[in-house]
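Coordinates in review
Each chain, written out:
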Amino acid sequence: MDVVDLARELVMERHPDARAAFLGGSVLTSRRTARSDLDVVVLLAGPPAPYRESLRFGNWPVELFVHTEDSWHGFVTPEVVQRNSPLLWMCADGALLLDADGTGARIAETAKRLVAAGPPPVTGTALEDARYALTDLLDDFAVCTDTGERLFVVAELVRRSGELALLTHDTWLGGGKWLARRLEAVAPDLAARLDTAAQAALRGAPKGLASVVTEVLDAAGGPLWEGYRRSGPRRTA
């Protein structure tokens, strides 16, 4: 059975009163693998929404995201501020499985508009915070001799370098594989270069990774450590 038909069957079996539903994620693309799951967003009129559930249906792993229209906006709005909203993209790029009352068309239009508009502009504070964190990690990396510590420092350097590159280009962030996919549009060779350099670093050759990370930092304004300062929250009487 086609994955779209299968996802629609799942929705009708579990939520026959659904107002709308979408199928999103890698399963609809050429990146689909034998272990891809069905990312299904369901819009209901009320309870039991909102909830999230992982399950298996027709031998397919399924991630089910069930919302009301209000809770969808309640989740998406702060995620857009954080520049990373998987729920938004599932509805912007996904297949509309059903639309009982126009809710699906309305959510799809909103999602596509928000994606096209892009995330909020990167603030100077956010960029400085990212530069500081990466600079501090790079300093740790320069003197790291413990193999266990090096593993996690290298992993963090790779992740934060990718995120800073995306911030520098003022585009959407992503987690896990989606970080690499977001980078393809703005820095096509960066993920591969980080991979090569990170593997070399874990074998005891750190210079390549330090060079790539420094390059990312320089594009964002350079390393930042001395003089960095942030005030904490203030109590009010």
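The structure contained in this document is the topic of the report that follows. (Residues numbered from 1 in each chain as written. Predicted model: local features only at pLDDT ≥ 70, side-chain atom pairs only at ≥ 80, totals over all residues. Heavy atoms only, no water.)

Let's talk about the overall build of the protein
- Counting secondary structure elements, the protein contains nine helices and five strands.
- Going residue by residue from the N terminus, the α and β elements of the protein occur as α-β-β-β-β-α-α-β-α-α-α-α-α-α.
- Looking at the protein as a whole, 42% of its 237 residues qualify as buried.
- Sequence separation of at least 24 residues holds for 65% of the intrachain contacts in the protein that already meet a minimum separation of 6.
- Total accessible area on the protein stands at roughly 13000 Å², and carbon and sulfur atoms take up 53% of it.
- In the protein, 26 positive and 32 negative side-chain charges are present, and the distance between their average locations comes to 2 Å. (Helix = DSSP H or I, 4+ residues; strand = E, 2+ residues; numbered from the N terminus. Buried < 20%, exposed > 50% of the residue type's maximum accessible area, 1.4 Å probe, protein only. Contact = heavy atoms within 4.5 Å. Areas by Shrake-Rupley, 256 points an atom, 1.4 Å probe, with all protein chains shown as cover. Lys, Arg positive; Asp, Glu negative; His and termini not counted. Charge placed at Lys NZ, Arg CZ, Asp CG, Glu CD.)

So, the environment of Leu38
- Mapped onto the secondary structure, Leu38 falls in strand β2 (residues 38-44).
- Residues Leu38 and Leu88, spaced 50 residues apart in sequence, show a C-alpha to C-alpha distance of 16 Å.
- Beyond its immediate chain neighbours, meaning those up to four positions away, Leu38 contacts Val3, Leu6, Leu23, Val27, Trp60, Pro61, Val62 and Glu63.

Structural notes on the side chain of Arg83
- Considering the arrangement of structural elements, one finds Arg83 in the loop between α2 (69-81) and α3 (86-93).
- Within the structure, Arg83 has its side chain in polar contact with the side chain of Asp170 (distance 2.9 Å).
- Once you skip the residues sitting within four places of it in the chain, Arg83 turns out to touch Pro119, Pro120, Pro121, Val122, Leu167, Asp170, Thr171, Trp172 and Leu173. (Polar contact = N/O pair within 3.5 Å; in protein donor to acceptor, adjacent residues only side chain to side chain.)

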